[in-house]
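For reference, the chains in residue letters:
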Amino acid sequence: MDHLATETGHDLQTSSTISRAANRRWSLAGLIFSAGAVLVLLVGRGSALIPTLSVTFAAIVLEALPFVALGALVGGLIEVFVSPDRISRLIPRRGWLAITAAGLLGLLIPVCECAVIPVTRRLIRKGVPFSAAVAYLIAGPIVNPIVAGSTVVAYGGNWWPMVVRLICGYGTAVSVALIIDSFYPGRRALRRDFIDRADADCHCGHGHDHPAPGASVRARILQAFHVGGQDFVVVTQFLVLGAFVAALSQTTIEREAFLALAETPAAAIGLMMALAVGLNLCSEADAFVAASFRATLPLAAQMAFMVLGPMLDLKLAAMYLSFVRKRAFIMMAVSMCILVFALMMIFHELLQQSAGGLR
Amino acid sequence: MKADNWLTARFLDTVGLYVWAVALLWLLARGGYMLLIRESLWPLLLGGLIVVFLFIVGTVAQPAPAARRGSLLPAWNRLFLLLLPLVYLGVGGAGGGLDSHAFRKRFLSQQTLGRLDQALSEFEGRTGSGSLAEGDGRYRPVTLVQIHDALGEWIGEDVELVGSVYRDDRLGSSELVVFRFLIVCCAADAIPVGCLVKTDRAMDFESDTWVRVRGELGTTEMEGGVGPVIMAEEVEAIPPPRNPYLSGI
């Protein structure tokens, strides 16, 4: 499917046929996944693994669900009440300016990484440039006051880890957005079926009729709820997929053995990045887990955990793939990992050189 | 999608939303959510329940569009994936919260039983932690967080501690670990915290048995550091608490 990314002005009928085929393939894969997960449950019943897996899996979904619902509701309201014209008037014309500004949007709309996805999907469909949306998508869950506060509290009132986290998070997000913008300008990073539905149907992609112009406020509000509900259902299926894989990794991997590999700063940073991807913690809570490693790991490794986790984990990967093409997602993920690793190595060196490090 | 298929797809989506709304209501009403997420986060679930209800209203009120071609496969897929966590919740034996298996997988010796770390001092952990500790005068109720927070203040004290039992081959026949989990948001971020207990009755208690331990708190060498130990005078099995977790900040 990725070779289609370079096409412009595509034939809607052809592409929507492709979209339907892709949609069927994904649906079949999803059904097989569900059947496999149920099989694991039935076969493993009675083993020590299943209760932990069940608690962790259900906990990740339950904690994220209200945020996804809220994000979907906000997205539905944006869809119905905010016109594309208004959006385009609000966005700076210069690409880099739009990206740098969007990276700070989390200060105004402070949502975690689960809520940011439905909002971003809807903003993209309303015409927000994908690169600017990426900046908000990645920076939003870090550069926001709630996460800043929780980081300060987790580190016993010390402001420095929070400042470093926000700066690194913002810098990484803007850099990744600029990279994506140069390799996938316009909407080329978006999945074809995501674009097709927006173009072919009604800019919301759910096969429904919109209220006629001049419809009552009540009809428009109900429409917003419906759009939000559809987004919620679509995003939640990806959340469930990612949460299951994350819970499985939490249940089977022993952290002690895992962290025993962290013999050098580079290994510690790399392992904490891997842990961030595997644990799937909420950005508003991950600082507490990171801080609990203070006795065992350098601050740069803890920081790597806090910077990468809200940008990239298993459940987020699944949710990103609901609207981002595979190759573009891989580029995003690899860019994030390289940038965070490099930033943290530099940070570690700076700490080593300065007297009275932050650790 | 054909108009009748569209209606069926909408019906399946509504079923998914409806089942989740009922599940959220049930978890809130029965307190079952406390096994999964932090007790004080109930307003979050309530907010989620309200929004899901609004989604149901919006979906039901939506008029059917003109006929379209399509398959019902995506709608079935959405429904099954949406219900999967609830199947695990109902069938997977999640009724006791995180157990000794999770303790073993998440255990970090230097954080928990070994060298005491300042990191734990940020967790207040008083909320919901002392509900089962009913000191009888001689023994001061203490939580695992308080022990790790300020071990020095408790050394030499007669204390009463409540937690779940962990046993494995590394422990002697007169040793067990009493543990609990500290959670910030949900069970996924839970950090295990434990205390070694020395008692002649250690073999009487299986892993995951909830116990109340009374005895003198001291320290012992373990895994290259110093950790807390209770020289137990009494150990008794008790029913599991409604909220098995200690809460962080």
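Calculation notes
Residues numbered from 1 in each chain as written. Chains lettered and ligands numbered in written order. Predicted model: local features only at pLDDT ≥ 70, side-chain atom pairs only at ≥ 80, totals over all residues. Heavy atoms only, no water. Helix = DSSP H or I, 4+ residues; strand = E, 2+ residues; numbered from the N terminus. Expected span 1.5 Å × (residues − 1). Buried < 20%, exposed > 50% of the residue type's maximum accessible area, 1.4 Å probe, protein only. Contact = heavy atoms within 4.5 Å. Bend = angle between axes of the 7 residues up to and from the residue. pLDDT = per-residue confidence, 0-100. Axes fitted to C-alpha atoms, helices over the stretch in contact; angles between N-to-C directions. Parallel < 35°, antiparallel > 145°, perpendicular 65-115°, else oblique. Left-handed = near helix turned anticlockwise from the far one by under 90°. Nonpolar A, V, L, I, M, F, W, Y, C, P; charged D, E, K, R; others polar. Buried area = accessible area lost by both parts, 1.4 Å probe. Salt bridge = Lys/Arg side-chain N within 4 Å of Asp/Glu carboxyl O. Patch = residues over 30% accessible without salt bridge, like charges linked within 9 Å, V, L, I, M, F, W, Y side chains within 5 Å. Areas by Shrake-Rupley, 256 points an atom, 1.4 Å probe, with all protein chains shown as cover. Polar contact = N/O pair within 3.5 Å; in protein donor to acceptor, adjacent residues only side chain to side chain. Disulfide = S-S within 2.5 Å. Phe/Tyr/Trp six-rings, centres within 6.5 Å; stacked < 30°, edge-to-face > 60°. Lys NZ or Arg CZ within 6 Å of the ring centre and 35° of its normal. Core = buried A, V, L, I, M, F, W, Y, C linked by side-chain atoms within 4.5 Å. Pairing = 2+ DSSP bridges.

### Quick notes on helix H12 (residues 265-279) of chain A
Residues and elements named next belong to chain A. If you check H12, its first and last C-alpha atoms are 20 Å apart, about what 15 residues at 1.5 Å a residue would give, namely 21 Å. For H12, every residue scored as buried is listed here: Ala268, Ile269, Leu271, Met272, Met273, Leu275, Ala276, Val277, Gly278 and Leu279. Residues of H12 that are buried make contact with helix H2 (49-81), helix H10 (217-252), helix H11 (255-259), helix H14 (299-308), helix H15 (314-320) and helix H16 (326-353). Immediately downstream of H12, the backbone of Asn280 shows phi near 60 degrees, a positive value.

### Concerning H2(A)
Each α-helix turn comprises 3.6 residues. Residues three or four places apart therefore point the same way. Residue and element names in this part refer to chain A. Taking 1.5 Å per residue, 33 residues should reach 48 Å; H2 reaches 47 Å between its end C-alpha atoms and fits that length. In H2, a bend of some 35 degrees at Leu65 exceeds every other bend along the element, and Pro66, a proline, comes one to four places later. The buried fraction of H2 is high, at 28 of 33 residues.

### Quick look at the confidence of the model for chain A
All names here are of chain A. With 87% of its residues at a pLDDT of 70 or more, chain A shows a mean pLDDT of 82. In the model, residues 1-15 has pLDDT below 50 throughout and makes 26 contacts with residues more than four positions away in sequence or in other chains. Residue range residues 200-209 is modelled with pLDDT below 50. Its contacts to residues more than four positions away, or to other chains, number 40 contacts.

### Things to note about the packing of H2(A) against helix H3 (residues 73-91) of chain B
Two elements in contact, H2(A) and H3(B), have axes separated by 9 Å at closest approach and are oriented at 140 degrees. When the axes of H2(A) and H3(B) are compared, the pair comes out oblique. In terms of crossing hand, the pair formed by H2(A) and H3(B) is left-handed. For the pair H2(A) and H3(B), contact is made by Leu53(A), Ser54(A), Phe57(A), Ala58(A) and Val61(A) and by Leu84(B), Pro85(B), Tyr88(B) and Leu89(B), respectively. Taken together, the residues that form the contact of H2(A) with H3(B) break down as eight nonpolar, one polar and no charged.

### Regarding the interface of chain B and chain A
The interface is formed by 74 residues belonging to chain B together with 78 residues belonging to chain A. Carbon and sulfur atoms make up 69% of the surface buried where chain B meets chain A, a total of about 6600 Å² over both sides. For chain B, the biggest contributors to the area lost against chain A are Phe55(B), Tyr88(B) and Lys105(B); these three give 11% of the whole. Linking chain B with chain A are two salt bridges, by the criterion used here. Notably, a salt bridge pairs Lys105(B) with Glu254(A), separated by 3.8 Å at the nearest N-O pair. Looking at the side of chain B that touches chain A, the element that brings in the most residues is H3(B), giving 14 residues. For the side of chain B that touches chain A, the residue count by class is 48 nonpolar, 13 polar and 13 charged.

### Remarks on a nonpolar patch on the surface
Taken together, the side chains of Leu77(A), Phe81(A), Val217(A) and Ile221(A) make up a nonpolar region of the molecular surface, amounting to roughly 320 Å² of accessible area. Secondary structure elements with two or more residues in the nonpolar patch: H2 and H10 of chain A.

### Concerning the environment of Asp13(B)
Here Asp13(B) shows up in helix H1 (residues 3-30). In this structure the C-alpha to C-alpha distance between Asp13(B) and Leu82(B), which are 69 residues apart in sequence, comes to 9.2 Å. Once residues within four sequence positions are removed from consideration, Asp13(B) is found in contact with Gln230(A), Val233(A) and Arg78(B). A polar contact is formed between the side chain of Asp13(B) and the side chain of Arg78(B), at a distance of 3.0 Å.

### Remarks on the state of the cysteines
Residue and element names in this part refer to chain A. What the rule picks out here adds up to zero disulfides over all chains. Between Cys168, a free cysteine, and Cys337, which holds the nearest cysteine sulfur, the sulfur-to-sulfur gap is 15 Å. Residue Cys168 is classed as buried on the basis of its relative accessible area of 9%.

### Observations concerning the packing of aromatic side chains
Summed over all chains, the structure comprises 11 aromatic pairs over all chains. With 5.2 Å between their ring centres and 85 degrees between their planes, Phe57(A) and Phe244(A) make a pair best called edge-to-face. Within this pair, whereas Phe57(A) is found in helix H2, its partner Phe244(A) is found in helix H10, the two being separated by 187 residues in sequence. When the ring of Tyr320(A) is compared with that of Phe329(A), the centres are 6.1 Å apart and the planes differ by 55 degrees; the resulting orientation is tilted. Judged by its relative accessible area of 11%, Phe329(A) falls in the buried class. Chaining the aromatic ring pairs together yields one cluster made of Phe33(A), Phe57(A), Phe244(A) and Tyr88(B). Looking at Arg140(B), its charged tip hangs above the ring of Trp154(B), at a distance of 4.2 Å from the centre.

### A short note on the nonpolar core
Core analysis: the biggest nonpolar cluster contains 169 residues, and Phe130(A), Phe232(A), Phe305(A), Met332(A) and Met344(A) have the highest contact counts within it. At 17 residues, H2(A) tops the list of elements feeding residues into this core. Once residues lying within four places of it in the same chain are set aside, the contact partners of Phe130(A) are Ile124(A), Ile180(A), Gly186(A), Ala189(A), Leu190(A), Phe323(A), Val324(A) and Met332(A). Counting 24 residues, the second-largest nonpolar core is a separate cluster that includes Leu144(B), Val145(B), Ile230(B) and Val235(B).

### A few points about the pairing of strand E2 (residues 158-166) of chain B
Where a strand is regular, its side chains alternate between the two sheet faces. Residue and element names in this part refer to chain B. Buried residues dominate E2, accounting for nine of its nine residues. The pairing of strand E1 (residues 140-142) with E2 spans three bridges and is classified as parallel. Note on E2: the bridge partner recorded for Val142 is Leu161. The sheet contact formed by E2 and strand E5 (residues 210-222) spans seven bridges and is antiparallel.

### Points about the side chain of Thr120(A)
On the secondary structure map, Thr120(A) appears in helix H5 (residues 113-125). Setting aside anything within four residues of it in sequence, one finds Thr120(A) in contact with Ala133(A), Tyr136(A) and Leu137(A).

### Thoughts on the pattern of salt bridges
Scanning the entire structure with this criterion turns up 18 salt bridges over all chains. Here Arg104(B) and Glu254(A) are joined by a salt bridge, their closest N and O atoms 3.1 Å apart. Taken together, the positions of Arg104(B) in helix H4 (residues 100-106) and Glu254(A) in the loop between H10 and H11 put the pair across two chains. Owing to a relative accessible area of 33%, Arg104(B) belongs among the partly exposed residues under this scheme. As a salt-bridge pair, Asp204(B) and Arg201(B) come within 3.3 Å of each other at their nearest N and O atoms. Overlapping salt bridges, with partners in common, bring together Glu160(B), Arg212(B), Arg214(B), Glu234(B) and Glu236(B) in one network.

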